[in-house]
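So you can see what is in the structure, the chains are spelled out below.
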Amino acid sequence: MLIRLNMVMIMGLLRRIIASSLSTPARNSSYPCHCYHQLFVARFLHNAAKPEGDTVVNAICYSLRKGYNWDTLSRKFQSVELNHLLVENVLLELKEPIDAKRALGFFHWSAQRKNFAHEVRSYGLMVSILVRAQLLSDAQALLESVLKKNVGDSSTFLVADSLLASYKVIVSSPLVFNLLVQAYSKLRLFEIGFEVCCYLEEHGFSLSVTSYNSLIHVVQKSNQNSLIWKIYEHMIRRKIYPNEATIRIMINGLCKEGKLQATVDILDRINGKRCPPLVIINTCLIYRILEEGRIEVGMALLKGMLQRNMILDTVAHSLTVYAKLRLQNFDSALEVYEEMLKRGFSANSFVHTSFIGAYCSEGKIDEANWWFGEMENTGLKPYGESFNSLIEGCAKAGKLEESLSYCEKMIERGLVPSLLAFNEMVGKLREIGEVKQANAMLTRILDKGFSPNETTYSYLIRGYEKNDQIQEVLKLYYEMEYRLLSPGLLTFTSLIRSLCQCGNLDQAERYLRIMKERSLDPSEDTYEALITGYIEKDGAKALHHYNEMISKGFKPCCSYDFDRT
């Protein structure tokens, strides 16, 4: 009993000694303040025992609050082996704003200790403490550091998860997540930054327009045009509305993309006058979405923009008509158009052209012609797309005279047909043997800035080949070379076939070599033309081409008698 009583007394005395060593020394003490802490640590080291976790945490925090420098800390705690739990406990003990700088000092000191490196979770705690204390530049520096260390990590959201975990523990500010996204932007990790934006919003944190601006600014500098619009669309859907900086960045992006003038032209055709930059951007966004076929998404965004006066009524109605026509819902489009007129909005060339394009794509040329006539009757000015739709639509419908007529009208008004529309018309003219007329039309528009492509020349060459006009074929081939247009398989096949048909086999062989030098594999038709050309004159060469054709897996269309020569 006596022994047990003595042990209780000794333990109680020990507890009082420890408690007094951690408390502030009395004013009349003859020892300097730091001696009590030295005595406390020395007692444990003297017994060759490492301090328990909580005790070491308290001792470290006490030293930091006393302002000990790194060298002193290193000497005092040289026998303490740091681990991640100990570090996190110290940070949690120093989480209040008054201790934030001490926590940062400890964070940097511990990073210098041998064989120790901070985990991402410790970074999350430290950053949250700094943000809570409004030490934002320090927080930003740590975020950039941890992101650099974890670039290419298998977990995209590793740093975001560490901040989400520390957010409630530290009672931090949502500003910490905005700083994270801005750090991604600064490091030009904008794709991951946008993924993290979406991830954080799934966890209930809505980011500021400033953070989004930092992302789209870097994306715009990197010429990632599609991502700029993806981010901007996401902003609008999340009801994070643009400010002046956003508008400036987006306008710059439109300029770099070369789409600003096209969007301004659409608005001029709808509204008849220049619109504010915000309307330009939002019109471009909705039009892009509709062009991609995401009609429901576009209409939902358009409705929200209209409610917040981010787009003009007449623009919204015109884009709605366009959306209905994209869905081939002609009756609904007409209802919207008639409602638009009843509400006092004027008809415009964008809406009329939208009807023309929709009817042409459906092969309803009579209806398209009616809308074109209405445009001219009401004083509206048809533009490039109005004519292109009719040129292409009439050609596809086999109405080549009408197609040519619209092409003539277009040229008379100083406009040049699109490559797609012109090639469609040339292709149909070739089919009916009117290649000369098609070539004459090409000659007219070349002087007006039209740029043909390989398909254009291929149609014309095949047309002249069909008429056995080898000189015209060669002329077009040389013209292609002059314009630095690389002839493709169809062009070489037509050229070699024409040369074989007129018996110019040496020239045919020459172009075959050129074709192979340009890594173009001859087609079955090319080999058939060469074999047919040689079969009567040079059986050995005919057999050579025949064997080469077989080696490439082609099957001859007929049998050949190589012994006749």
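On a predicted model such as this, the values are computed, not experimentally measured, just so you know.

(A) Examining the overall build of the chain more closely. In terms of regular secondary structure, the chain is built from 31 helices and zero strands. Across the 565 residues that make up the chain, the buried fraction comes to 47%. Within the chain, counting contacts between residues at least 6 apart in sequence, those at least 24 apart form 64% of the total. Accessible area of the chain: about 28900 Å², with a carbon and sulfur share of 51%.

(B) Layout of helix α8 (residues 136–149). Taking 1.5 Å per residue, 14 residues should reach 20 Å; α8 reaches 20 Å between its end C-alpha atoms and fits that length. Every buried residue belonging to α8 is among Ala 139, Gln 140, Leu 142, Leu 143, Glu 144, Val 146 and Leu 147, and all of these are buried. Buried residues in α8 make contact with α6 (100–111), α7 (120–132), α9 (158–170) and α10 (175–186).

(C) Up close: the packing of helix α20 (residues 349–361) against helix α21 (residues 365–377). In the contact formed by α20 and α21, the axes pass within 8 Å of each other and the chain directions differ by 165°. Looking at the two axes, α20 sits roughly antiparallel to α21. Between α20 and α21 lies a crossing whose hand is left-handed. Where α20 abuts α21, its residues Ser 349, His 352, Thr 353, Phe 355, Ile 356, Tyr 359 and Cys 360 lie against Ile 365, Glu 367, Ala 368, Trp 371, Phe 372, Glu 374 and Met 375. Among the residues forming the contact of α20 with α21, the class breakdown is nine nonpolar, three polar and two charged.

(D) Summary view of helix α15 (residues 260–271). The first and last C-alpha atoms of α15 sit 16 Å apart over 12 residues, in line with the 16 Å expected at 1.5 Å per residue. For α15, every residue scored as buried is listed here: Thr 263, Val 264, Ile 266, Leu 267 and Ile 270. Buried residues along α15 cover an arc of 155° about the axis, so they all sit on one side. Close packing links the buried residues of α15 with α14 (244–257), α16 (277–291), α18 (313–326) and α20.

(E) Focus on the state of the cysteines. What the rule picks out here adds up to zero disulfides. We note that Cys 394 lacks a disulfide partner, and the nearest cysteine sulfur, in Cys 360, lies 6.0 Å from it. A relative accessible area of 0% means that Cys 394 is categorised as buried. Here Cys 502 stays unpaired: no disulfide links it, and the sulfur of Cys 500, its closest cysteine neighbor, is 8.3 Å away.

(F) Broad picture of the packing of aromatic side chains. Inspection of every chain in the model, using the stated rule, returns 23 aromatic pairs. Between the aromatic rings of Tyr 287 and Tyr 322, the centroid separation amounts to 5.3 Å while the plane-to-plane angle is 25°, which identifies the pairing as stacked. Of the two residues, Tyr 287 is situated in helix α16 and Tyr 322 in helix α18; the sequence distance between them amounts to 35 residues. Of the two residues, Tyr 287 and Tyr 322, both sit in the buried class. Each ring, one from Phe 355 and one from Trp 371, has its centre 4.0 Å from the other, and the planes form 5°; the classification is stacked. Separated by 16 residues along the polypeptide, Phe 355 in helix α20 and Trp 371 in helix α21 bring together distant segments of the chain. Exposure class is identical for Phe 355 and Trp 371. Each is buried. Grouping aromatic residues by their ring pairs yields a cluster made of Phe 330, Tyr 337, Phe 355, Tyr 359, Trp 370 and Trp 371. Above the ring of Phe 330, the side-chain terminus of Lys 364 is found at 5.0 Å from the ring centroid. One Lys or Arg, Arg 510, reaches over the ring of Tyr 511 and ends 4.9 Å from the middle of that ring.

(G) Representation of the environment of Lys 475 within the structure. Considering the arrangement of structural elements, one finds Lys 475 in helix α27 (residues 470–482). For Lys 475, a relative accessible area of 52% puts it in the exposed group. Residues Lys 475 and Ile 461, 14 residues apart in the sequence, show an inter-C-alpha distance of 9.2 Å.

(H) Quick look at the pattern of salt bridges. With the rule as written, the count across this model stands at 24 salt bridges. The closest approach of N and O atoms between Arg 238 and Glu 201, which form a salt bridge, is 3.5 Å. Placement of Arg 238 in the loop between α13 (225–237) and α14 and of Glu 201 in helix α11 (residues 190–202) is noted, with a sequence separation of 37 residues between them. Here the residues in one salt-bridge network are Glu 233, Arg 237, Glu 292 and Arg 294, joined through shared partners.

(I) Seen up close, the side chain of Asn 282. Here Asn 282 shows up in helix α16. Since its relative accessible area comes to 0%, Asn 282 is described here as buried.

(J) Region of the structure containing unusual backbone geometry. Positive phi outside glycine occurs at Arg 188, with the angle close to 60°. Unusually for a residue other than glycine, Ser 519 sits at a positive phi of about 60°. Along the chain, Ser 519 falls in the loop between α29 (505–517) and α30 (524–534).

(K) Region of interest: the confidence of the model for the chain. Across the chain, the average pLDDT comes to 87, with 89% of residues at or above 70. Counted against residues more than four places away or in other chains, residues 1–51, with its pLDDT under 50, gives 30 contacts.

(L) Expanded view of the environment of Glu 93. Along the chain, Glu 93 turns up in helix α5 (residues 84–93). The class of Glu 93 is partly exposed, set by a relative accessible area of 39%. What Glu 93 contacts, discounting residues up to four positions off in sequence, is Val 57, Cys 61, Arg 65 and Asp 99.

So, how was this worked out
Numbering of residues begins from 1 in every chain and follows the order in which that chain's sequence is written. Given that the model is predicted, a residue must reach a pLDDT of at least 70 before its local features are reported, and side-chain atom pairs must reach 80 or more before they are shown or counted; all residues, however, enter totals for whole chains, interfaces and linings. Side-chain numbers come from the whole structure's heavy atoms, not from hydrogens or water. Secondary structure elements follow DSSP: runs of H or I no shorter than four residues count as helices, runs of E no shorter than two count as strands, and numbering proceeds from the N terminus. Each residue gets one of three labels from its accessible area relative to the maximum for its type: buried under 20%, exposed over 50%, partly exposed in between, using a 1.4 Å probe on protein chains only. Only heavy atoms matter for contacts: two residues are in contact if any of them lie within 4.5 Å across the pair. Computed with the Shrake-Rupley method and a 1.4 Å probe, the accessible areas treat only the protein chains shown as cover for residues. Between the first and last residue of a helix there are one fewer steps than residues, each counted as 1.5 Å, and that sum is the expected span. Every axis corresponds to a line fitted to the C-alpha atoms, with the helix fit spanning only the stretch in contact, and the corresponding angles, defined between N-to-C directions, vary from 0 to 180 degrees. Working rule for angles: under 35 degrees goes down as roughly parallel, over 145 as roughly antiparallel, 65 to 115 as roughly perpendicular, anything else as oblique. Helix crossings fall into two classes, left-handed where the near helix is turned counterclockwise from the far one by less than a right angle and right-handed where it is turned clockwise. Only Asp, Glu, Lys and Arg are considered charged in this grouping, and only Ala, Val, Leu, Ile, Met, Phe, Trp, Tyr, Cys and Pro are considered nonpolar; every other residue, Gly among them, is considered polar. In this description, the arc belongs to the directions extending from the helix axis to the C-beta atoms. The disulfide definition used here is simple: a pair of cysteine sulfur atoms within 2.5 Å. Only the six-membered ring of Trp is used, alongside the rings of Phe and Tyr, when aromatic pairs are assigned; centres must lie within 6.5 Å, and planes under 30 degrees apart are stacked while those over 60 apart are edge-to-face, with the rest tilted. Only Lys NZ and Arg CZ are tested; either one counts as a charge over a ring when it is within 6 Å of the ring centre and within 35 degrees of the ring normal. Any carboxyl oxygen of Asp or Glu that lies within 4 Å of a side-chain nitrogen of Lys or Arg is treated as forming a salt bridge with it. Per-residue confidence from the predictor is reported as pLDDT, which spans 0 to 100.

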